[in-house]
Amino acid sequence: MNILLVEDDKQVGEFIVAELHAAGHTCIHALDGEAGYQAASKASHDVLVIDRMMPRMDGLSLIKSLRRDGNNTPVLVLSALGDVDDRVQGLHCGADDYLVKPFAMAELLARLEVLHRRVSLPGADTQTRLVVEDLSMDLLRQEVKRKGTTITLQPREYKLLEFLMRHAGQVVTRAMLLEKVWGYHFDPQTNVIDVHVSRLRQKIDKDFEHPMLVTVRGAGYRLGAELDH
Amino acid sequence: MQIREVLNSLTFRYIAKYVVTLSATVFLLVGAYYVYFSYTSFRELGESVLEELETLQLVYRGQSLAGVEQYIDDQMASPSVARFYYLVTDQQGEKVAGDLAVAPRYREFDDGWLGFEMALQNRGESIDVEFLAHPMELGDGYRAIVARDYADIVERAELMFRTLLRVMIATLILGITGGFFSAARTLDQVERLNRGISRIIRGKPGQRLQVEGEKGYIRAQAILMNQMLEQMETLMQGVRRVSDNIAHDLRTPLTRMRNDLSQLRHRMAIEEGEQLDRIIEECDDLLSSFNAVLRISALESGSRLAGGNEVELRALLQDVIELYEPLAQEQDIVLELEAHQEQVCKGEADLLFQMFTNILDNAIKYTPSKGVIRVQLSFGENDTGHRIVVADSGPGIPAAERENVFRRFYRVESSRGEHPGHGLGLSLVQAIAQYHYGMVKLTANNPGLRVTVSLP
């Protein structure tokens, strides 16, 4: 993945760059809003990671300018401002995701993958059938089959599986599941998501030799084999 | 206010004691004066009797018996009521002159003083009057007795005594009534003060005591207490700021540490890193409690909800319950929702969702296997506002602890160690409810805990 990071805090920026490199991505680091704007306009990137509060041009203005220019590269906002209002404001400006500082690197990586994948698979929203290995989901008939065997799912399990299948091979964090599958942004106190996932796992993996839904330690879950970058 | 309360009050008892002591002192003083007055009156009376006897003797020596007779007749003719009475007897004891009968029944006192009673005519009435008398030898065997009535002295003394008694009773009654009312007034003021204080204790630390309308030392006390509250609040805020700063400043290095650890973990084989996994979990735990502290602070110190979106409470509660259903089933707990209709309130759905998940999370954590958790949505009293009740069948929270559990990091002693948590869940619940202009109340569910959230 080819990433542009716009972050005025040198230390934080360098850390993120190093981590992204370690994860096998290429990353350019711009130190303020204006430099970020120029870098984003000059070359194309897979994903932009933009801080909110920066000298010369703040993150939200930068996103607005890019969108005005017709640049639709997915944007993830990184910010210390984590209130509900701040998040809504950020997403309103054209950002695709919003992550509050400080964050776990695994969370950032997982979210960047998801953003990247969404764009690299155009037409994903109009698909009528999702297939991951021997698991298939018919979106019109709302039917799930593995190796030809029909699997009955509760509505929420179905949504959970749909999300996992759309992001097959990617790490999906618990916070992402809560946001995307349940539609609420909040901090669960207990492992409530794990229970849902293990129920789903019971249904899709129990009678089969090869487990599809795996737990990624310290990060989240992944459906199917790991993707190559 | 109870009468008994007033009677038992310190002020009343103080005033009553004061009045009784004052009365007793006055009584003793006036009593002493009464004794002194009676004593001097009698002494003067006696002296006048002796002087009269001396006059009689002088008259006898000068003009012998005839002069004495003449003198006595002159005195008897005087219209004064308060006059001397005389008896002159000869050698045989026969009456020679005077207006007293011979030897009435005398009572004898010291120094030859005699006392008797005699009826006097006063304005056509016959009154028994006490007399004081003294005999004297005039010479040649003639004896004289001069007597004087002392009814006026007794009357004056009695009058004085009665007046004194009345004044004392009046003083006591007035003093004690006055004491009662002033005690009642003070008690009333103190009670007002107490009500104010308990209101503040019951969780309105921003409020102050009413100073207007109070007078005197109560006013001074209220002002002082307000100053004390002011100072306490400043200190509390200081402590809170410090804990916020700690959470804020530690969050970044902790995140970095967590990231480094997870990097390290990736380089290890799955079986080797169990210890590291636990450390990472601990880090996440710490981070989430730091985040919770900062969120609570942000909610508490910032302005409250302005506008907000329309939130469908029944749908939101259904989502919460749906999220927790598997967890409840895993522990054999029945989770029920009772909501008859959709209710819409203004708010932030994410925050409200967080609030209800915290409540439900607690309920599931403390409800034993085969227990029941009932969530009810209804309108508030008088059909205004919304009320959400989450009632579990767990061990509940002792009444004395129910206010404390809203404090940050506070955990009921018996649940320490037994259940995981940081003691922030209910603090966040309260902060979110108050952010929405609502409130949270904990009551007993017999058995279990009943959490009632009221939203406008």
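Residues numbered from 1 in each chain as written. Chains lettered and ligands numbered in written order. Predicted model: local features only at pLDDT ≥ 70, side-chain atom pairs only at ≥ 80, totals over all residues.

The subject of this paragraph is the pairing of strand 7 (residues 135-138) of chain A. All names here are of chain A. Residue alternation in strand 7 divides its side chains into a buried set, Leu135 and Met137, and an unburied set, Ser136 and Asp138. Across four bridges, the pairing between strand 6 (residues 129-132) and strand 7 is antiparallel. The partner of Val131 across the bridge, within strand 7, is Ser136. Counted along the chain from strand 6 to the antiparallel partner strand 7, the turn is two residues long, and its residue Glu133 has a positive phi close to 50°. Summarising the sheet, strand 7 and strand 8 (residues 143-146) pair through four bridges and their orientation is antiparallel. Within the sheet, the bridge partner assigned to Leu135 lies in strand 8 and is Arg146. From the end of strand 7 to the start of strand 8, which pair antiparallel, there are four residues, and Gln142 there has a positive phi angle of about 55°. (Buried ≥ 20, exposed ≤ 12 C-beta atoms within 10 Å, placed from the backbone. Helix = DSSP H or I, 4+ residues; strand = E, 2+ residues; numbered from the N terminus. Pairing = 2+ DSSP bridges.)

Our next topic: the interface of chain A and chain B. The parts lose accessible area when they come together, and the size of an interface is often stated as this lost area. Contacts between the two partners involve 25 residues from chain A, matched on the other side by 32 residues from chain B. Every element with two or more residues in the side of chain A that touches chain B is listed here: helix 1 (10-22), helix 5 (105-120) and helix 8 (192-205) of chain A. Of the residues forming the side of chain A that touches chain B, the biggest block, four residues, is contributed by helix 8 of chain A. Taken together, the residues of the side of chain A that touches chain B sort by class into 14 nonpolar, five polar and six charged. (Contact = placed C-beta atoms within 7 Å. Nonpolar A, V, L, I, M, F, W, Y, C, P; charged D, E, K, R; others polar.)

A few words now on helix 3 (residues 151-201) of chain B. Residues and elements named next belong to chain B. In this model, helix 3 (51 residues) spans 72 Å end to end at C-alpha, consistent with the 75 Å of a helix rising 1.5 Å per residue. Among the residues making up helix 3, those that are buried are Gly179, Ala183 and Leu187. For helix 3, the secondary structure elements touched by its buried residues are helix 1 (3-8) and helix 2 (10-77). (Expected span 1.5 Å × (residues − 1).)

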